[in-house]
Amino acid sequence: MGVVIPIFLFLCLVGLILSAPRIEGWRAGHRCRQAAAELVATHGFTAEPQAGPSLVPWSAPPFHYGQRVRVRDAVRGSFDGLAATVFGYTCQENGTAHWYGVAVIQLPGRLSPIEVHHERVFSSVRVGYAPSYSPCPTGEPAFDSAHRVSSPDEGLAHTLLTPQAARSLLAAPEPFDWRVAEETLVVWRRDGWTSGAAAAGCCLAVVQVLAPALDLEPAIVSDPLRDAPGPSRRAE
(Lines give C-alpha, C1' and ligand atoms only; values in the text may rest on other atoms or scores of the structure.)
Protein backbone atom coordinates (compact mmCIF):
# COMPACT_ATOMS: atom_id res chain seq x y z
CA MET A 1 0.00 0.00 0.00
CA GLY A 2 2.90 2.33 0.75
CA VAL A 3 4.01 2.10 -2.90
CA VAL A 4 0.55 2.24 -4.48
CA ILE A 5 -0.41 5.64 -3.08
CA PRO A 6 2.65 7.54 -4.44
CA ILE A 7 2.17 5.87 -7.85
CA PHE A 8 -1.50 6.82 -7.84
CA LEU A 9 -0.70 10.43 -6.93
CA PHE A 10 1.98 10.57 -9.63
CA LEU A 11 -0.47 9.30 -12.26
CA CYS A 12 -3.04 11.88 -11.13
CA LEU A 13 -0.43 14.63 -11.50
CA VAL A 14 0.50 13.46 -15.01
CA GLY A 15 -3.18 13.33 -15.97
CA LEU A 16 -3.73 16.85 -14.66
CA ILE A 17 -0.75 18.21 -16.61
CA LEU A 18 -1.89 16.54 -19.83
CA SER A 19 -5.50 17.63 -19.48
CA ALA A 20 -4.87 21.26 -18.41
CA PRO A 21 -4.51 22.64 -21.98
CA ARG A 22 -7.74 20.92 -23.03
CA ILE A 23 -9.60 22.31 -20.02
CA GLU A 24 -8.39 25.85 -20.74
CA GLY A 25 -9.32 25.44 -24.41
CA TRP A 26 -12.82 24.37 -23.39
CA ARG A 27 -13.13 27.41 -21.12
CA ALA A 28 -11.95 29.76 -23.88
CA GLY A 29 -14.43 28.25 -26.33
CA HIS A 30 -17.20 28.67 -23.77
CA ARG A 31 -16.28 32.34 -23.29
CA CYS A 32 -16.47 32.93 -27.05
CA ARG A 33 -19.89 31.26 -27.26
CA GLN A 34 -21.17 33.21 -24.28
CA ALA A 35 -19.95 36.55 -25.66
CA ALA A 36 -21.63 35.83 -29.01
CA ALA A 37 -24.90 34.90 -27.32
CA GLU A 38 -24.86 38.10 -25.26
CA LEU A 39 -24.21 40.24 -28.35
CA VAL A 40 -27.25 38.66 -29.98
CA ALA A 41 -29.41 39.07 -26.86
CA THR A 42 -28.48 42.62 -25.86
CA HIS A 43 -26.77 44.34 -28.81
CA GLY A 44 -28.98 43.37 -31.74
CA PHE A 45 -26.43 41.08 -33.44
CA THR A 46 -27.59 38.11 -35.51
CA ALA A 47 -26.03 34.67 -35.75
CA GLU A 48 -24.09 33.74 -38.89
CA PRO A 49 -23.86 29.93 -38.72
CA GLN A 50 -22.45 29.66 -42.26
CA ALA A 51 -19.42 31.86 -41.55
CA GLY A 52 -16.07 30.15 -42.07
CA PRO A 53 -12.32 30.73 -42.37
CA SER A 54 -12.87 33.13 -45.29
CA LEU A 55 -13.50 35.75 -42.59
CA VAL A 56 -9.77 35.75 -41.85
CA PRO A 57 -7.83 36.28 -45.10
CA TRP A 58 -4.96 38.00 -43.28
CA SER A 59 -1.56 36.64 -42.30
CA ALA A 60 -1.03 39.03 -39.39
CA PRO A 61 -1.79 38.21 -35.72
CA PRO A 62 -3.63 36.34 -34.50
CA PHE A 63 -4.02 34.51 -37.81
CA HIS A 64 -0.36 33.97 -38.68
CA TYR A 65 0.24 30.51 -37.24
CA GLY A 66 -1.33 27.15 -36.56
CA GLN A 67 -3.26 24.47 -38.41
CA ARG A 68 -6.89 23.30 -38.44
CA VAL A 69 -8.16 26.86 -38.50
CA ARG A 70 -11.80 27.27 -37.52
CA VAL A 71 -14.27 30.09 -37.03
CA ARG A 72 -16.92 29.52 -34.39
CA ASP A 73 -20.09 31.27 -33.21
CA ALA A 74 -19.91 34.18 -35.67
CA VAL A 75 -22.42 37.01 -35.20
CA ARG A 76 -22.99 40.16 -37.27
CA GLY A 77 -24.13 43.60 -36.15
CA SER A 78 -22.63 47.03 -35.63
CA PHE A 79 -20.61 49.05 -33.16
CA ASP A 80 -21.51 52.73 -33.22
CA GLY A 81 -23.02 52.27 -36.67
CA LEU A 82 -19.99 50.48 -38.13
CA ALA A 83 -20.66 47.00 -39.53
CA ALA A 84 -18.96 44.34 -37.45
CA THR A 85 -18.53 40.58 -37.33
CA VAL A 86 -17.55 38.97 -34.02
CA PHE A 87 -16.44 35.36 -33.80
CA GLY A 88 -14.36 32.83 -31.95
CA TYR A 89 -11.19 31.85 -33.79
CA THR A 90 -9.24 28.69 -33.02
CA CYS A 91 -6.23 26.92 -34.45
CA GLN A 92 -4.02 23.99 -33.50
CA GLU A 93 -0.35 24.37 -32.56
CA ASN A 94 1.81 21.70 -30.91
CA GLY A 95 -1.27 19.52 -30.56
CA THR A 96 -3.16 22.12 -28.52
CA ALA A 97 -6.12 24.31 -29.48
CA HIS A 98 -5.62 28.06 -29.09
CA TRP A 99 -8.60 30.42 -28.94
CA TYR A 100 -9.18 34.10 -29.64
CA GLY A 101 -12.20 36.35 -29.51
CA VAL A 102 -12.10 38.44 -32.71
CA ALA A 103 -14.07 41.42 -34.01
CA VAL A 104 -13.70 42.62 -37.61
CA ILE A 105 -15.10 46.14 -38.06
CA GLN A 106 -15.51 47.92 -41.38
CA LEU A 107 -14.33 51.53 -41.27
CA PRO A 108 -15.88 54.28 -43.42
CA GLY A 109 -12.48 55.34 -44.76
CA ARG A 110 -8.92 54.13 -45.31
CA LEU A 111 -6.23 54.65 -42.70
CA SER A 112 -2.51 53.93 -42.63
CA PRO A 113 -1.69 50.72 -40.76
CA ILE A 114 -1.63 50.95 -36.97
CA GLU A 115 -0.91 48.01 -34.67
CA VAL A 116 -1.36 47.95 -30.89
CA HIS A 117 -0.21 44.76 -29.18
CA HIS A 118 -0.83 44.03 -25.54
CA GLU A 119 0.87 40.62 -25.39
CA ARG A 120 2.47 38.02 -27.59
CA VAL A 121 -0.16 36.20 -29.56
CA PHE A 122 1.32 32.84 -28.65
CA SER A 123 4.34 32.03 -26.50
CA SER A 124 6.49 29.67 -28.53
CA VAL A 125 9.91 29.81 -30.13
CA ARG A 126 8.23 28.44 -33.28
CA VAL A 127 5.69 31.25 -33.47
CA GLY A 128 7.06 34.75 -33.70
CA TYR A 129 5.87 38.07 -35.01
CA ALA A 130 7.77 41.33 -35.26
CA PRO A 131 5.82 44.42 -36.39
CA SER A 132 7.24 45.91 -39.57
CA TYR A 133 6.92 49.46 -38.31
CA SER A 134 8.72 51.65 -35.81
CA PRO A 135 7.32 51.89 -32.27
CA CYS A 136 5.27 55.00 -31.52
CA PRO A 137 5.02 55.56 -27.74
CA THR A 138 1.91 57.43 -26.60
CA GLY A 139 3.53 59.30 -23.72
CA GLU A 140 1.27 57.58 -21.18
CA PRO A 141 3.67 55.46 -19.04
CA ALA A 142 1.04 52.98 -17.84
CA PHE A 143 -0.03 52.26 -21.41
CA ASP A 144 3.43 52.22 -22.99
CA SER A 145 4.73 49.77 -20.39
CA ALA A 146 2.09 47.20 -21.34
CA HIS A 147 1.49 47.90 -25.05
CA ARG A 148 3.49 48.38 -28.21
CA VAL A 149 2.13 50.85 -30.76
CA SER A 150 3.63 50.74 -34.25
CA SER A 151 2.79 52.40 -37.56
CA PRO A 152 4.52 53.56 -40.75
CA ASP A 153 2.72 56.90 -40.28
CA GLU A 154 4.13 58.13 -36.99
CA GLY A 155 2.36 61.48 -37.37
CA LEU A 156 -1.04 59.81 -37.56
CA ALA A 157 -0.22 57.47 -34.67
CA HIS A 158 0.82 60.37 -32.43
CA THR A 159 -2.25 62.37 -33.46
CA LEU A 160 -4.68 59.58 -32.62
CA LEU A 161 -2.92 57.82 -29.75
CA THR A 162 -2.45 60.75 -27.42
CA PRO A 163 -1.93 60.22 -23.68
CA GLN A 164 -5.66 60.87 -23.19
CA ALA A 165 -6.54 58.29 -25.85
CA ALA A 166 -4.18 55.81 -24.22
CA ARG A 167 -5.93 56.30 -20.90
CA SER A 168 -9.31 55.69 -22.53
CA LEU A 169 -7.99 52.39 -23.94
CA LEU A 170 -6.73 51.44 -20.49
CA ALA A 171 -10.25 52.12 -19.17
CA ALA A 172 -11.74 49.53 -21.54
CA PRO A 173 -13.29 46.49 -19.82
CA GLU A 174 -10.20 44.30 -20.32
CA PRO A 175 -6.83 44.32 -22.15
CA PHE A 176 -6.89 43.50 -25.86
CA ASP A 177 -4.99 43.94 -29.13
CA TRP A 178 -6.01 45.66 -32.34
CA ARG A 179 -4.87 46.54 -35.83
CA VAL A 180 -6.01 48.87 -38.61
CA ALA A 181 -5.37 47.91 -42.23
CA GLU A 182 -6.88 50.33 -44.75
CA GLU A 183 -10.66 50.10 -44.20
CA THR A 184 -10.64 47.23 -41.71
CA LEU A 185 -10.23 47.27 -37.94
CA VAL A 186 -9.44 43.94 -36.27
CA VAL A 187 -9.80 43.71 -32.49
CA TRP A 188 -8.93 40.51 -30.64
CA ARG A 189 -8.33 39.05 -27.22
CA ARG A 190 -6.45 35.87 -26.48
CA ASP A 191 -8.69 33.22 -24.87
CA GLY A 192 -11.80 35.27 -25.69
CA TRP A 193 -13.65 38.15 -24.08
CA THR A 194 -15.28 37.55 -20.74
CA SER A 195 -18.67 38.78 -21.97
CA GLY A 196 -20.50 40.43 -24.83
CA ALA A 197 -20.43 43.73 -22.94
CA ALA A 198 -16.64 43.46 -22.62
CA ALA A 199 -16.30 42.81 -26.36
CA ALA A 200 -18.49 45.82 -27.14
CA GLY A 201 -16.61 48.03 -24.70
CA CYS A 202 -13.22 47.13 -26.16
CA CYS A 203 -14.37 47.70 -29.74
CA LEU A 204 -16.02 51.02 -28.91
CA ALA A 205 -12.85 52.14 -27.14
CA VAL A 206 -10.87 51.74 -30.37
CA VAL A 207 -13.60 53.37 -32.48
CA GLN A 208 -13.41 56.40 -30.20
CA VAL A 209 -9.65 56.63 -30.67
CA LEU A 210 -9.99 56.42 -34.46
CA ALA A 211 -12.97 58.81 -34.64
CA PRO A 212 -10.99 62.01 -35.36
CA ALA A 213 -9.41 60.45 -38.46
CA LEU A 214 -12.69 58.95 -39.70
CA ASP A 215 -15.02 61.91 -39.17
CA LEU A 216 -17.04 60.01 -36.57
CA GLU A 217 -18.72 61.15 -33.41
CA PRO A 218 -16.76 59.70 -30.46
CA ALA A 219 -18.21 56.57 -28.91
CA ILE A 220 -19.05 56.64 -25.20
CA VAL A 221 -16.77 53.93 -23.88
CA SER A 222 -18.07 54.16 -20.33
CA ASP A 223 -21.48 52.92 -21.50
CA PRO A 224 -20.85 50.17 -24.09
CA LEU A 225 -24.37 48.77 -23.78
CA ARG A 226 -25.74 51.80 -25.58
CA ASP A 227 -24.48 50.34 -28.87
CA ALA A 228 -27.04 48.79 -31.19
CA PRO A 229 -27.50 48.39 -34.93
CA GLY A 230 -28.73 51.58 -36.55
CA PRO A 231 -27.82 54.36 -38.96
CA SER A 232 -24.21 55.40 -39.23
CA ARG A 233 -23.09 58.06 -36.81
CA ARG A 234 -20.74 59.48 -39.38
CA ALA A 235 -20.98 63.24 -39.56
CA GLU A 236 -22.72 64.67 -42.57
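As a starting point, this report considers the structure included with it. (Residues numbered from 1 in each chain as written. Predicted model: local features only at pLDDT ≥ 70, side-chain atom pairs only at ≥ 80, totals over all residues. Heavy atoms only, no water.)

1. Looking at the environment of Thr-162
Defined as follows: Secondary structure elements follow DSSP: runs of H or I of four or more residues count as helices, runs of E of two or more count as strands, with numbering from the N terminus. When accessible area is computed with a 1.4 Å probe and restricted to protein chains, residues below 20% of their type maximum are described as buried, those above 50% as exposed, and intermediate ones as partly exposed.
Here Thr-162 shows up in the loop between helix H3 (154–160) and helix H4 (163–170). Residue Thr-162 is classed as partly exposed on the basis of its relative accessible area of 28%. Separated by 25 residues in sequence, Thr-162 and Pro-137 have C-alpha atoms that sit 9.1 Å apart.

2. Side note on the pairing of strand S2 (residues 67–79)
The condition is simple: Only strands joined by at least two bridges in the DSSP assignment are considered to pair.
Across two bridges, strand S1 (residues 46–47) lies against S2 in antiparallel orientation. In the sheet register, Ala-47 faces S2, and the bridge partner there is Val-75. What sits between the antiparallel neighbours S2 and strand S3 (residues 82–93) is a turn of two residues, in which Asp-80 has the positive phi angle 55 degrees.

3. Observations concerning the packing of aromatic side chains
Short version of the rule: Two aromatic rings from Phe, Tyr or Trp, using only the six-membered ring of Trp, form a pair when their centres are within 6.5 Å; if the ring planes differ by under 30 degrees the pair is stacked, by over 60 it is edge-to-face, and anything between is tilted.
Taken as a whole and judged by the stated rule, the model has four aromatic pairs. For the ring pair Phe-45 and Phe-79, a centre distance of 5.3 Å and an interplane angle of 45 degrees mean the geometry is tilted. Note that Phe-45 is positioned in the loop between helix H1 (4–42) and S1 and Phe-79 in strand S2, a separation of 34 residues in sequence. With a relative accessible area of 2%, Phe-45 lands in the buried category.

4. Brief notes about helix H5 (residues 196–214)
To keep things clear, this is the line we draw: In this scheme, a helix's expected span is set at 1.5 Å multiplied by one less than its residue total.
Helix length check: H5, at 19 residues, gives a terminal C-alpha distance of 25 Å against a target of 27 Å (1.5 Å per residue), a fit within 8%. Along H5, 15 of the 19 residues are buried, which leaves the element largely enclosed by surrounding structure. Immediately downstream of H5, the backbone of Asp-215 shows phi near 60 degrees, a positive value.

5. Describing the side chain of Thr-138
In plain terms, the rule: Polar contacts here mean pairs of N or O atoms no more than 3.5 Å apart (in protein, one a potential hydrogen donor and the other a potential acceptor; neighbouring residues in sequence count only if both atoms are side-chain atoms). Here, two residues are considered to be in contact whenever any of their heavy atoms come within 4.5 Å of each other.
Summarising the element assignment, Thr-138 is placed in the loop between strand S4 (96–117) and helix H2 (141–144). Accessibility expressed as a relative area gives 7% for Thr-138, which makes it buried. Among the polar contacts made by the side chain of Thr-138, one reaches the main-chain amide nitrogen of Glu-140 at a distance of 3.1 Å. Ignoring any residue separated from it by four or fewer positions in sequence, one finds Thr-138 in contact with Phe-143, Asp-144, Val-149, Leu-161, Thr-162, Pro-163 and Ala-166.

6. Things to note about H4
Heads up, the condition is: The arc in question is traced by the directions running from the helix axis to the C-beta atoms.
Among all positions of H4, only Ala-165, Ala-166, Ser-168 and Leu-169 are buried. Looking straight down H4, one finds that the buried residues subtend no more than 160 degrees of arc, so they occupy a single side. Buried residues belonging to H4 abut H2, H3, strand S6 (177–190) and H5.

7. A closer look at unusual backbone geometry
A cis amide bond links Pro-61 with the next residue in sequence, Pro-62, at an omega value of 0 degrees. The phi dihedral of Arg-68 falls on the positive side, at around 50 degrees, and the residue is not glycine. Assignment of secondary structure puts Arg-68 in strand S2. The exposure class of Arg-68 is exposed, given its relative accessible area of 54%.

8. Thoughts on the pattern of salt bridges
Spelled out, the test is: Any carboxyl oxygen of Asp or Glu that lies within 4 Å of a side-chain nitrogen of Lys or Arg is treated as forming a salt bridge with it.
A full pass over the atoms with the stated rule returns four salt bridges. Notably, a salt bridge pairs Glu-48 with Arg-76, separated by 3.5 Å at the nearest N-O pair. Placement of Glu-48 in the loop between S1 and S2 and of Arg-76 in strand S2 is noted, with a sequence separation of 28 residues between them. Glu-48 gets classed as partly exposed once you look at its relative accessible area, which sits at 27%. The residue Glu-182 makes a salt bridge to Arg-110 at a minimum N-O spacing of 2.8 Å. A residue pair is termed long-range when its members are at least 10 positions apart, and Glu-182 in strand S6 and Arg-110 in strand S4 qualify at 72 residues. With relative accessibility at 44%, the residue Glu-182 sits in the partly exposed group.

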